[in-house]
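Understanding the architecture of this molecule
Each chain is listed here by its residues.
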Amino acid sequence: MMNSGGLVSEGKIPVPLKSISVDVQVQGHVVTVTSTLQYVNEEERHLEALFVFPLPADAAVCHFSAKIGEQEIVAEVQERQSARDQYDDAVSSGQQAFLLEESAESSDVFRLCVGCLSPGQNAAITIIYVTELAVQADHALRFCLPAVLNPRYTPAGSGGGIVSEISSVCGSVPYSLTLSVHVSSPNPISKLESNCTLDPLVFLNSEHTHATVNLSPGHMFDKDVELFLYYQNTHQPTAIVEAGVATDQPGSLMGDPVVMISLYPEFPEEVMSSLGSQGEFVFVVDRSGSMDDMMHHGKGAQSRIEGAKDTLLLLLKSLPMGCYFNIYGFGSHFESLFPKSVLYNQDTMDEALKRVKKMQADMVGTEILQPLKHIYNQPCYPDHPRQLFIFTDGEVFNTKEVLDLVKSHTHSHRCFSFGIGEGASTTLITGMAREGSGHAQFITGSDRMQPKVMQSLKLALQPAVVNISVKWTVQDGITVETLSQPINVIFHGQRTLIYAHLKGESSGSSEGTVTVTYSLKDQPVTNQLHFCLKPTEDTGLAVHRLAARALIQSLEQQERAGGAGMEDIKSRMVELSVQAGVSCVHTAFIAINKDSRQTVKGPLLQRRVPTADVSGVYCYQGPYQASLDNDLLLKSSLSGMFSSRRSGSFARCKSYVNAKFVGACAGIIGFKKSLKSNKGFPVQEQKSGIPQKVTALFSSRYETSAVLSGQEISQGKQEVDVELQKDSLLQLVSLQKASGCWDLTPTLAHVFGKTEDELTNQKPAEVNQSVWATLLALIWLYGCKIKDQVEWQFVAMKAASWIRSQKVCEIEVPERLIMSYDALRTFGTAQRCRQVPVRQATEQEILLAHSEEYLEAVKQTPKMTEEQLMEFSKKYNDVYFHQNIYHCAQLAVGATLQLVDSVMKREVRNGMALVRPPGHHSQRSAANGFCVFNNVAIAALYAQKNYSVNRILIVDWDVHHGQGVQYCFEEDPSVLYFSWHRYEHQTFWPNLPESDYTSIGKGKGSGFNINLPWNKVGMTNSDYLSAFFHVLLPVAYEFDPELVLVCAGFDSAIGDPEGEMCATPEIFAHLTQLLMPLAAGKMCVVLEGGYNLKSLTQSVCQTVQTLLGDPAPRLSEHSAPCVRH
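Owing to the predicted nature of the structure, the values given are computational and were not obtained by experimental measurement. (Residues numbered from 1 in each chain as written. Predicted model: local features only at pLDDT ≥ 70, side-chain atom pairs only at ≥ 80, totals over all residues. Heavy atoms only, no water.)

Moving on, we get to the overall build of the chain. Across its full length, the chain holds 29 helices and 44 strands. A buried classification covers 62% of the 1125 residues belonging to the chain. In the chain, of all internal contacts separated by at least 6 residues, the share reaching a separation of at least 24 is 76%. Of the roughly 40,800 Å² of accessible surface on the chain, 50% is carried by carbon and sulfur atoms. (Helix = DSSP H or I, 4+ residues; strand = E, 2+ residues; numbered from the N terminus. Buried < 20%, exposed > 50% of the residue type's maximum accessible area, 1.4 Å probe, protein only. Contact = heavy atoms within 4.5 Å. Areas by Shrake-Rupley, 256 points an atom, 1.4 Å probe, with all protein chains shown as cover.)

When pLDDT is low, close inspection of the predicted coordinates is not appropriate. Looking at the chain, the pLDDT average stands at 80 and 80% of residues meet or exceed 70. Throughout residues 166-170 the model reports pLDDT below 50, and contacts reaching past four residues in sequence, or to other chains, amount to 24 contacts. Overall, residues 699-725 carries pLDDT values under 50, and its contacts beyond four positions in sequence, including any with other chains, amount to 59 contacts. (pLDDT = per-residue confidence, 0-100.)

Right, let's talk about the pairing of strand β9 (residues 96-102) for a bit. Across the seven residues of β9, seven count as buried, placing the element largely inside the fold. Neither face of β9 is exposed, since Gln 96, Phe 98, Leu 100 and Glu 102 on one face and Ala 97, Leu 99 and Glu 101 on the opposite face are all buried. Where β9 meets strand β34 (residues 587-593), six bridges bridge the pair, whose relative direction is antiparallel. When the sheet's bridge partners are listed, Gln 96 is paired in β34 with Asn 593. As defined by bridge partners, β9 adjoins strand β10 (residues 109-117) across six bridges and the pair is classed as antiparallel. In the strand pairing of β10, Ala 97 is matched with Gly 115. Between β9 and the antiparallel strand that follows it, β10, lie six residues. (Pairing = 2+ DSSP bridges.)

Ordered by their spatial adjacency, four strands build an open sheet running β20-β21-β31-β30, and the pairing between neighbours is antiparallel. Strand pairing shows two members of the sheet lacking a second neighbour, β20 (238-242) and β30 (478-482), which therefore form its edges. For this sheet, the mean angle separating the axes of adjacent strands, direction not counted, is 25 degrees. Sheet topology note: the β30/strand β31 (residues 496-504) ladder contains five bridges and is antiparallel. Residue pairing for β31: Val 480 is matched across the bridge by Leu 502. The sheet strands contacting helix α9 (residues 542-561) are β20, β21 (258-263) and β31, and the helix crosses β21 at an angle near 80 degrees. (Axes fitted to C-alpha atoms, helices over the stretch in contact; angles between N-to-C directions.)

Working definition: two side chains of opposite charge can pair if their charged atoms are close together. One pass over the structure, following the stated rule, counts 31 salt bridges. Glu 845 is the salt-bridge partner of Arg 839, the closest N and O atoms lying 3.0 Å from each other. Note on Arg 839: relative accessible area 21%, which makes it partly exposed. Each of Asp 58, Lys 407, Arg 434 and Glu 435 takes part in salt bridges that share partners, so that together they form one network. (Salt bridge = Lys/Arg side-chain N within 4 Å of Asp/Glu carboxyl O.)

Quick look at the packing of helix α3 (residues 304-318) against helix α4 (residues 346-357) now. For any two helices packed against each other, the geometry comes down to the angle between their axes and how far apart the axes lie. Where α3 meets α4, the closest approach of the two axes is 10 Å, and the angle between their N-to-C directions is 175 degrees. As the angle between them shows, α3 and α4 are arranged roughly antiparallel. Facing Lys 309, Leu 312, Leu 313, Leu 316 and Lys 317 of α3, the residues of α4 in contact are Met 349, Ala 352, Leu 353, Val 356 and Lys 357. Counted by class, the contact of α3 with α4 contains seven nonpolar, no polar and three charged residues. (Parallel < 35°, antiparallel > 145°, perpendicular 65-115°, else oblique. Nonpolar A, V, L, I, M, F, W, Y, C, P; charged D, E, K, R; others polar.)

Counting across every chain of the model gives 31 aromatic pairs. With centroids separated by 5.7 Å and ring planes inclined at 85 degrees, the aromatic side chains of Phe 325 and Phe 338 adopt a geometry described as edge-to-face. You can see Phe 325 sitting in strand β23 (residues 324-330) and its partner Phe 338 sitting in the loop between β24 (334-336) and β25 (342-343), a full 13 residues away along the chain. Of the two residues, Phe 325 and Phe 338, neither departs from the other in class, the shared state being buried. Taken together, Phe 283, Phe 389, Phe 391, Phe 416, Phe 418 and Phe 491 form an aromatic cluster joined through their ring pairs. (Phe/Tyr/Trp six-rings, centres within 6.5 Å; stacked < 30°, edge-to-face > 60°.)

Let us now look at the packing of α3 against helix α8 (residues 449-460). It is the contact of α3 with α8, at a shortest axis distance of 9 Å, that shows an interaxial angle of 40 degrees. Taken together, the axes of α3 and α8 are oblique relative to one another. Considering the relative orientation of α3 and α8, their crossing is right-handed. Between α3 and α8, the residues in contact are Arg 304, Gly 307, Ala 308, Asp 310, Thr 311, Leu 314, Leu 315 and Ser 318 and Met 449, Gln 450, Val 453, Met 454 and Leu 457, respectively. In terms of residue class, the contact of α3 with α8 is made up of seven nonpolar, four polar and two charged. (Left-handed = near helix turned anticlockwise from the far one by under 90°.)

This brings us to the pairing of strand β27 (residues 413-420). Most of β27 sits inside the fold, with eight of its eight residues counted as buried. Residues His 413, Cys 415, Ser 417 and Gly 419 point to one face of β27 and Arg 414, Phe 416, Phe 418 and Ile 420 to the other, with burial holding for every one of them. Across seven bridges, strand β26 (residues 386-392) lies against β27 in parallel orientation. From the neighbouring strand, Arg 386 faces β27, where its bridge partner is His 413. Strand direction decides the pairing type here: β27 and strand β28 (residues 440-443), joined by four bridges, are parallel. Bridge pairing in β28 places Ile 420 opposite Ile 443. With helix α7 (residues 426-435) bridging β27 and its parallel neighbour β28, the resulting β-α-β unit is right-handed. (Right-handed = clockwise from strand over helix to strand, strands pointing away.)

Along α7, eight of the 10 residues are buried, which leaves the element largely enclosed by surrounding structure. For α7, the set of buried residues is Thr 426, Thr 427, Leu 428, Ile 429, Gly 431, Met 432, Ala 433 and Glu 435. Positioned one or two residues after α7, Ser 437 has a phi angle of 55 degrees, which is positive.

A cis geometry characterises the amide bond from Arg 916 onward to Pro 917, with omega recorded as 5 degrees. With respect to the secondary-structure elements, Pro 917 resides in the loop between β39 (910-914) and α25 (935-947). Geometrically, the link from Trp 989 to Pro 990 is a cis peptide bond, its omega value of 10 degrees lying close to zero. You can see Pro 990 is positioned in the loop between β41 (975-982) and β42 (1009-1014). Residues other than glycine seldom take positive phi values, yet Val 364 does so here, at roughly 65 degrees. Along the chain, the position of Val 364 falls in the loop between α4 and α5 (369-377).

Put into structure tokens, the structure is as follows:
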């Protein structure tokens, strides 16, 4: 609003703050923020402006200055009361004065006082702080510029200090924001996202290690500004050694070098794949009145309390059987669901869900201290570590008292905290997680609460790390003093920071070592980092200031703990704060313009500058992404198939029914594409009717509407006697039993858009109803909700575990493909890749490698009956068709061609296609060995036709000979084919003389086919490397290919029942790395075989990580290669 006095607040009072400009300088994981606040006194009298505003909880405020006209006054850090006295004296005597101080109640709240501004006078206030970027679950680095500061709930008579002075307005604040970001990193920048609209990301060099981006014009400072930065290779441990100030005294913190260590501990895969099933899970939910506020004001928004209730439903369904749990609600008082935590079973879960459904934001205030005291007073259950999940909008007044309580019980629990909505206190949320050895998450804007909470649940189920110690190894003459608080929590893949002061000098080695040791499931683990002691980074003392802030926080905790020496601790804090130029609770920044003395008549006008209050209306713009796509993970429909194993191992199935069930489950992850297109789901099976029956269920005209609607689909459907939720995923989850299974009910049928009779009529007679219902639920999750997998991953794990407990099958499990992709996500690899949509291959593309007669025959399979499919399958060797195999095979080929297009167009450097069915055994007019269409052969011919590629190298490291590829190119000198495979003098499948080394090609292709037959099992890493160095690579470099295609069968890895080899998964990183220099890096890896889940998933991860540019790991053995094969 405007009048003669300029901008005015909602109460018609002029507001002197006009604008805020922010410059953000990111260097790796550290950010320096410079905020400039423009004040104008548009009134006719002298005034004092008060502005209480938020900053990140762990920020180190290191500069404060004021510019009046051309004169700049730089503030000094002084003892707090002394600074206040100087400010009051200056203002009362007519001098301009500026005071910046941290709240004693909450370290994320500051008060700025601008005193004695003359009428019409301008003042530019500059505040600089440094902080670390927080690592998110998806490996993004999060920067938050706080804007929203909600009033803290302060009980009567409790006081409140600075937090009680918070002034907020509904809706937009009367000042604007401009923001510019400059990013500099040793690793390439992949992308930068924000909850606000940004201008396009501009790269400043060809390596993409420097970039800038600006906030789009017109943004009002009415909500927190979040930036999410993605680097390549973010999980590399680093050490930054920063030089001290040359003029400061040696031996002092600012005069000596300081080191900042960033570690990313990686737990063994066997630990990550066997998450804990024991524990006591206590959920504490804020039920204050503010939890009735909306999460955002966009379409589909729900209230905070409703979001918390939906999340509790998901959590309760995801808990492991045999654990203990309880739920607390708090406000001005608190209540618990059970007097003490109870055993998790069907009855207690049902009771909890009834109570959660009735939960409301009806408990007025926000007093979290008392429920926490009650929980901590409850005895813990032996062998069931306590995990505390706290959901709050963070509006409390006694933050530090809460943190001290959590810290005092750090050895008896882990605390996972969630800040809900804009303005949640970062000090409270991050502090509870830090002091409680847990993890913090913030849910803002249109964020869904469920995925972030489930990410934390995954951390909670990791085994607790104990006996953590840090050891420094440096040369004589140098000592190391650790400044940060002792490490009390380590999670897989999560960053651990250590600050240390390097004292003294040494003329010896310039290398130091930091060693972190800890115990994980009673096993000792060591993480070590070597670093150069010589300062190499120009970070403008940012690391020194962060180190000083870390030490000050540690001292402040000692002070709050009480006891002897309190005054000494306070003096040390003040001394350190003044020396480092970093504020703390006992100091403040003070600046006085001594040349500005003037006569002031009457008392100063006092104006409070408001911050935004989320109860006002604001719009969420949706995620903006400025991205650079570098590498490709092409996840196709992952169309699965099951057929009898070539070596006759099908007999390992318990029964014929079990084999049929495996056929139905094998391709669960591939249902996404086919369900959406209403063409069934991709599963191949042996003489089973299950896939056809499921196809009939999920390909009907009802499927789409069933997912989107909670209404009756047709008049013929049975009535559903329970209240249905709008969210179809939550509806399905709500029906799951505590054990992990589903019952076949009308409500479950309604989720699928079916009647109970329709589901029952399609069920094979040999399969019981619960197994059938659980199978359908898993298919639906993977088919319709794959994008939300992080939310239902534990629900699916329970279901799969329950199915296994039914002794359905022992050889082929649905996790074979699912776990490959899940492993890539778990280790952050998938998030670093670009995922490309999958398409079906055209008939013309398939005909590049197959005959028209064969294609026409396969095209008829969707119309065949079960008996006809069985007869058709008998025409071929080890392939069993069903009605959807043609569709699946089209997707597998199309996915592979999408990868070729992306690589040849240089949209990506390289990539891997996770596809089923495989292809390298398929021949021109015959399916063979699980393979319908020859994916790689078609890809090679496609590249020749569409990109005029003259020379293509195909490397086949599957343990079976890819005879289909060999037949396709044995007369073609433009394709060099190399295959190693089990042969054993023609006694191993496919038992062909053409698989021997004597087959070198025909006609013009003679010499361009290389077979390396293994005549014994047990080949090692050394054998594989020897084959590459002595056979393949010399020929490949002479051939000089323009494209490299890999038939990546991981049945050649250790532990695979088909291969029986001894090469470890790490070898595939080395093999991939050896091939990458060829063809200018244009390389397409396509999945073939692999039947041991552990070695398969590890091998896939090793391959994709190497494609991304990660260094190949050290091999676990270095034996000599075999003399005779």
